[in-house]
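Breakdown of the fold
Take a look at the letters that make up each chain.
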Amino acid sequence: MSVTTRTRLALRDRAAAVLRANDAGTWTKASPHLYPHQWSWDSAFNAIGWAHLDAGRALTELEGLFAAQWATGMVPHIVFRAGPDEPYFPGPDWWDCEISPAAPAGPLRTTGICQPPVHALALQRIWQLTPPSRRPEIRARIRVLYPRLVGWHRYLATQRDPEQSGLVTVYHPWEGTDNSPRWDQALARIKAPDPGPYTRVDNRQLTDLSQRPTDWDYDRYLYLVRLLRECRYDDAEIHRGYPFQIKDVFFSAVLVAANAALLDLAEVAGADDGHRRDLARWRDRGRAGLARRFDAASSLCSDYDVRTREPIRLRTFAAFAPLFARTADPGQRAAQLRRLDDEDFCGHPRLRWHLLPSTSPAEPAFEPRNYWRGPVWPVIDWLLWRALGQSGDSGRAARIRRDSLDQIAAAGEFAEYFEPFTGQPLGSPQQSWTAAVTLDWLAADPAD
Ligand code: 2M8
């Protein structure tokens, strides 16, 4: 056995141990201390990890999350499940989602916003990895869950896109990439951001505050929650006057990929014609919406601020949304791939590994240790790896997988994110979703 193979087997055991350590039975803590509840897109990635250990447990993860689905179809960004001895702020009382008639009935308590819909990708992966002996049971459970996922996508394609632009409107930085510079201008515009008194607990878990959002950010995050509460989390009301509404091209690209994944599962799930038609329409509309946000001069895709009607032109990972969505336009695809390889992104000479950083080192807002403002996030690179592999770009996909595994192995930790120039592990040290995508990468080519 080569050393490489031995190292990789050990990495697999350690990744599985992280998932098991964070396993609360029917759901997985996003991380042991910093994030002790069930997060939505974390859960989807975690289900992909579980699929390598136990297909039934993987499906349980998604079933538990969808038990908290709102009547609107929205899957909430957090289901609060940890006990009072595991503090997290803001908790369910701050959100007070019970003021919405669409929130799930007690005792389940959730937040009132959502995160990128990775769940269909997880469902597809679970099915691919289900051993023949378990297929009847898993298929039956997929058939029950599938319409709930269609309902979730319907919510995003309608309530979050009343303009039918193909692009999802996000309401809050917590809908995925918290302190990304993509939100800076919209947050700076918000007046009188007094959320009332509060005490952060994230900075008790992680003492190096330079890796986390600032108090300025938190004031605005919490103030926005207050405004959402005042709208009773009603989408129509939010669209009327709420100040933070952004067409998020990354979120929209994940929805395109998720619609394609559900279509791929249609036979397995016994999907009816109506569902198939809707999914295909949302997928195509999403790709067309992203194509319209593509700027030929920069070869990048930009978010769009609905309130100011202005594009948000920044060099971040989100600018590659057409690649994440597997664009059907060969010209845009070729231009994006050239850009991906250039010095602003994966070809930057100081990068430890050729992995897409959350924000380009060439961007003035870049901070190499600060959360979504520069570090490399394995889950983002997993999404890019998957999209490139499915588009037939096996060379680039293989490089992302190899560099990602090397990054994690060298760090010796399943870190939440990594410093792009040194590879230093940052954030939470036992982040479930990092362990989960590691399991998937390792299985992609076990002989390597
Ligand atoms: C981060 O966000 C939470 C709030 O949702 C936080 O900072 O407390 C983000 O990275 C988010 O995308 C992720 O789902 C969550 C849990 O890993 O942590």
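Residues numbered from 1 in each chain as written. Predicted model: local features only at pLDDT ≥ 70, side-chain atom pairs only at ≥ 80, totals over all residues. Heavy atoms only, no water.

We now examine the overall build of the protein. Helices and strands together make up the secondary structure of the protein, namely 18 helices and 10 strands. The globule rule puts the C-alpha radius of gyration for 448 residues at 22 Å, and the 20 Å found for the protein is close to it. When the backbone C-alpha atoms are referred to their principal axes, the protein occupies close to 60 × 50 × 50 Å. Just so you have it, the protein exposes about 16,400 Å², and 50% of that area is on carbon and sulfur atoms. Measuring between centres, the 55 positive side-chain charges of the protein sit 3 Å from its 55 negative side-chain charges. (Helix = DSSP H or I, 4+ residues; strand = E, 2+ residues; numbered from the N terminus. Rg over C-alpha atoms; globule rule 2.2 N^0.38 Å. Areas by Shrake-Rupley, 256 points an atom, 1.4 Å probe, with all protein chains shown as cover. Lys, Arg positive; Asp, Glu negative; His and termini not counted. Charge placed at Lys NZ, Arg CZ, Asp CG, Glu CD.)

What surrounds the ligand is a group of 16 residues, the closest being D42, H77, Y88, G176 and Y371. Take D42: an N or O atom from its side chain is 2.6 Å from an oxygen atom of the ligand. With respect to the ligand, the side chain of W372 contributes an N or O atom lying 3.2 Å from an oxygen atom. Here the ligand, which alone exposes 420 Å², has 100% of that area covered by the protein. Here the shell around the ligand is built from residues that sort into 9 nonpolar, 4 polar and 3 charged. (Near = heavy atom within 4 Å. Polar contact = N/O pair within 3.5 Å; in protein donor to acceptor, adjacent residues only side chain to side chain. Nonpolar A, V, L, I, M, F, W, Y, C, P; charged D, E, K, R; others polar.)

In terms of nonpolar packing, the biggest core is built from 142 residues, with F45, Y146 and F324 touching the most fellow members. Top contributing element to this core by residue count: helix 11 (residues 249–264), with 11 residues. If near-sequence neighbours (up to four positions away) are discounted, F45 is found in contact with V118, V379, W382, L383, W433, A436 and V437. (Core = buried A, V, L, I, M, F, W, Y, C linked by side-chain atoms within 4.5 Å. Buried < 20%, exposed > 50% of the residue type's maximum accessible area, 1.4 Å probe, protein only. Contact = heavy atoms within 4.5 Å.)

Now for helix 2 (residues 40–51). The first and last C-alpha atoms of helix 2 sit 17 Å apart over 12 residues, in line with the 16 Å expected at 1.5 Å per residue. Judged by how many residues are buried, helix 2 sits mostly within the fold: 12 of 12 residues are covered. The set of residues buried in helix 2 consists of S40, W41, D42, S43, A44, F45, N46, A47, I48, G49, W50 and A51. (Expected span 1.5 Å × (residues − 1).)

A word on the packing of aromatic side chains. Taken as a whole, this structure holds 33 aromatic pairs when the rule is applied. Where Y371 meets W377, the ring centres are 5.6 Å apart and the plane angle is 65 degrees; that geometry is what we call edge-to-face. Both residues of the pair, Y371 and W377, count as buried. Summarising the aromatic geometry, the rings of W377 and W433 are spaced 6.2 Å apart at their centres and angled 85 degrees between planes, so their arrangement reads as edge-to-face. (Phe/Tyr/Trp six-rings, centres within 6.5 Å; stacked < 30°, edge-to-face > 60°.)

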